[in-house]
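# Coordinate analysis (summary)
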Amino acid sequence: MPTILGQNQYGKAENRVVKITRDGATHHIKDLNVSVSLSGDMDDVHYSGSNAHVLPTDTTKNTVYAFAKEHGIESAEQFGIHLARHFVTSQEAIRTARIRIEEYSWERIEHGGDSAHSFVRKGQETRLAQITYDGSSWEVVSGLKDLTVLNSTDSEFWGYVKDKYTTLPEAYDRILATEVSGRWRFNWTDDAQDMPDWDTSYEQTKRHMLRAFAETYSLSLQQTLYQMGSRIIENRDEIDEVRFSLPNKHHFLVDLEPFGLKNDNEVYFAADRPYGLIEATVLRDGREARIPTDLTNL
């Protein structure tokens with residue numbers, strides 16, 4: 001045979017599930033986008049077309065919805081753990097299950113009525129989780145994307161390499177803005193370990209990230225990135241690795257001199273592209289990096 005089969009996986013992507021929990025007149029909402037990917041003894045289906053070991057992707061979709069009812073959705077991570085364990089332990093041919101989840105947050109609309117069932121979609125960020133299980137060990141990577149942050153001062157950029165193509169002026173007081181895409185890997189890998197409180201961990205990790213961004217006097221976005229990752233590692237014992245992808249949302253001072261006006265760091269043009277893209281991993285000392293360097297493939 002001139003070719004052989006390499007790595008392969010299959011599943012059902014982007015199963016949108018909304019779970020409403022009714023506590024009398026007060027309702028709670030969980031809104032997830034769940035993607036299931038399964039791998040294992042799948043040679044025959046590729047070589048001969050035999051589906052003897054194939055759990056239909058429609059079945060994986062149905063399982064997502066059934067589990068939302070049977071187990072509820074305590075957190076994105078916990079829901080993914082339930083699913084991954086089920087697929088690996090219930091199907092002999094399935095050796096590894098990877099569950100990717102996006103969670104969309106809602107907040108309650110406060111009003112004068114007695115009911116509490118009205119919500120408005122939060123506009124800050126999308127929460128992320130990826131759970132991988134091979135029957136014996138777990139890997140949980142959480143994160144977020146589309147979190148836009150900005151410092152209107154306390155940022156500089158100067159002292160950089162200059163050649164004949166350099167036109168960028170040095171800046172000693174600039175806007176620093178970025179749209180955070182981040183992932184962090186937990187050191188919980190075994191059922192014998194105490195499981196983290198996933199929701200508390202997420203909220204505290206985001207809090208430390210934002211405080212580091214706000215409190216760092218930045219000489220470069222790279223420096224700010226490192227401070228954000230370091231603060232998470234130093235304050236969250238359950239996390240061993242953090243990876244960020246930070247596009248530099250450039251804000252350029254507008255030249256107002258043609259109009260006889262002085263622009264004293266007041267009026268900016270917000271450029272959407274091209275943009276600088278700063279990416280790096282921050283690790284707990286003694287640990288190895290496992291989060292892919294290209295977050296688009298995570």
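Quick summary incoming for the structure in this document. Bear in mind that the values here come from a model prediction, so they are computed numbers and not experimental data.

Each value, and the rule that gives it
Residues numbered from 1 in each chain as written. Predicted model: local features only at pLDDT ≥ 70, side-chain atom pairs only at ≥ 80, totals over all residues. Heavy atoms only, no water. Helix = DSSP H or I, 4+ residues; strand = E, 2+ residues; numbered from the N terminus. Buried < 20%, exposed > 50% of the residue type's maximum accessible area, 1.4 Å probe, protein only. Areas by Shrake-Rupley, 256 points an atom, 1.4 Å probe, with all protein chains shown as cover. Lys, Arg positive; Asp, Glu negative; His and termini not counted. Charge placed at Lys NZ, Arg CZ, Asp CG, Glu CD. Axes fitted to C-alpha atoms, helices over the stretch in contact; angles between N-to-C directions. Parallel < 35°, antiparallel > 145°, perpendicular 65-115°, else oblique. Left-handed = near helix turned anticlockwise from the far one by under 90°. Contact = heavy atoms within 4.5 Å. Nonpolar A, V, L, I, M, F, W, Y, C, P; charged D, E, K, R; others polar. Patch = residues over 30% accessible without salt bridge, like charges linked within 9 Å, V, L, I, M, F, W, Y side chains within 5 Å. Salt bridge = Lys/Arg side-chain N within 4 Å of Asp/Glu carboxyl O. Pairing = 2+ DSSP bridges. Expected span 1.5 Å × (residues − 1). Phe/Tyr/Trp six-rings, centres within 6.5 Å; stacked < 30°, edge-to-face > 60°. Lys NZ or Arg CZ within 6 Å of the ring centre and 35° of its normal. Core = buried A, V, L, I, M, F, W, Y, C linked by side-chain atoms within 4.5 Å.

Quick look at the overall build of the protein now. What the protein contains, in helices and strands, is five helices and 12 strands. Principal-axis analysis of the C-alpha atoms gives the protein an extent of 75 × 70 × 40 Å. Each of the 298 residues in the protein was classed as buried or not, and the buried ones make up 42%. When the accessible surface of the protein is split by element, carbon and sulfur atoms take 47% of a total near 16700 Å². Looking at the protein, you have 33 positive and 47 negative side-chain charges, and the mean spots of the two groups are 2 Å apart.

Running from N to C, helix α2 (residues 57-70) and helix α3 (residues 76-90) cross one another at 130°; their axes reach a closest spacing of 11 Å. Relative to α3, α2 is oriented oblique. For the element pair α2 and α3, the recorded crossing hand is right-handed. Here Thr60, Thr63, Val64, Phe67 and Ala68 of α2 come into contact with α3, specifically with Phe79, His82, Leu83, His86 and Phe87. A per-class count over the contact of α2 with α3 returns six nonpolar, four polar and no charged.

The next subject is the environment of Ser142. Looking at where Ser142 falls in the secondary structure, it is placed in strand β7 (residues 138-151). In this structure Ser142 comes out as buried when scored by relative accessible area, which is 1%. Along the sequence, Ser142 and Arg100 sit 42 residues apart, while their C-alpha atoms lie 9.6 Å from each other. Residues within four places of Ser142 in sequence aside, it is in contact with Glu77, Leu128, Ala129, Gly182, Arg183, Trp184 and Phe186.

This paragraph deals with a nonpolar patch on the surface. A surface patch of nonpolar side chains, about 430 Å² in accessible area, is lined by Trp158, Tyr172, Tyr217 and Leu219. Residue placement: Tyr172 occurs in the loop between β7 and β8 (176-186).

A few words on the packing of helix α4 (residues 198-215) against helix α5 (residues 221-235). Contact geometry for α4 and α5: axes closest at 8 Å, N-to-C directions at 140°. The angle between the axes of α4 and α5 places the two elements in the oblique class. Along this stretch, α4 crosses α5, giving a crossing that reads as right-handed. Between α4 and α5, the contacting residues are Thr205, His208, Met209, Arg211, Ala212, Phe213 and Glu215 on the first element and Thr224, Gln227, Met228, Arg231, Ile232 and Asn235 on the second. Split by residue class, the contact of α4 with α5 holds five nonpolar, five polar and three charged.

Our focus in this paragraph is the pattern of salt bridges. Evaluated as defined, the whole model comprises 18 salt bridges. In this structure, Glu77 and Arg127 form a salt bridge, with 2.8 Å as the shortest nitrogen-oxygen distance. Here Glu77, found in helix α3, pairs with Arg127, found in strand β6 (residues 126-133); they are 50 residues apart in sequence, far enough to count as distant. Salt bridges here are not isolated pairs; linked through shared partners, they connect Lys30, Glu77, Glu103, Arg127 and Asp199.

Take the pairing of strand β9 (residues 239-248) next. Summarising burial for β9: 10 of the 10 residues are buried, a large majority. Of the strand pairs in this sheet, β8 and β9 are connected by seven bridges, and their pairing is antiparallel. Within β9, the residue paired with Ser181 across the bridge is Ser245. By the bridge criterion, eight bridges tie β9 to strand β12 (residues 276-283) in an arrangement that is antiparallel. Within β12, the position partnered with Pro247 by the bridge is Leu277.

With that out of the way, let us pick up α5. Its 15 residues place the ends of α5 21 Å apart at the C-alpha level, agreeing with the 21 Å of an ideal helix rising 1.5 Å per residue. Taken together, the buried positions of α5 are occupied by Leu221, Thr224, Leu225, Met228, Gly229, Ser230, Ile232 and Ile233. Where α5 is buried, its residues contact β8, α4, β9 and β12.

This part is about the packing of aromatic side chains. In total, this model carries seven aromatic pairs according to the counting rule given. Ring geometry for Phe157 and Tyr160: centres 4.8 Å apart, planes at 20°, overall stacked. By relative accessible area, which is 16% here, Tyr160 ends up buried. The rings of Tyr133, Trp138, Phe186, Trp188 and Trp198 are connected pair by pair, giving a single aromatic cluster. Directly above the ring of Tyr133 sits Arg85, whose terminal nitrogen or CZ lies 5.9 Å from the centroid. The ring centre of Tyr160 lies 4.6 Å from the NZ or CZ of Lys162, which sits over that ring.

A separate point is the nonpolar core. Counting 53 residues, the largest nonpolar core has Val34, Phe79, Ile99, Val180, Met209 and Phe244 as its most contacted members. Looking at which element gives the most residues to this core, the answer is α3, with seven residues. In contact with Met209, not counting residues within four places along its chain, are Leu144, Leu147, Val180, Trp184, Met228, Ile232 and Phe244.

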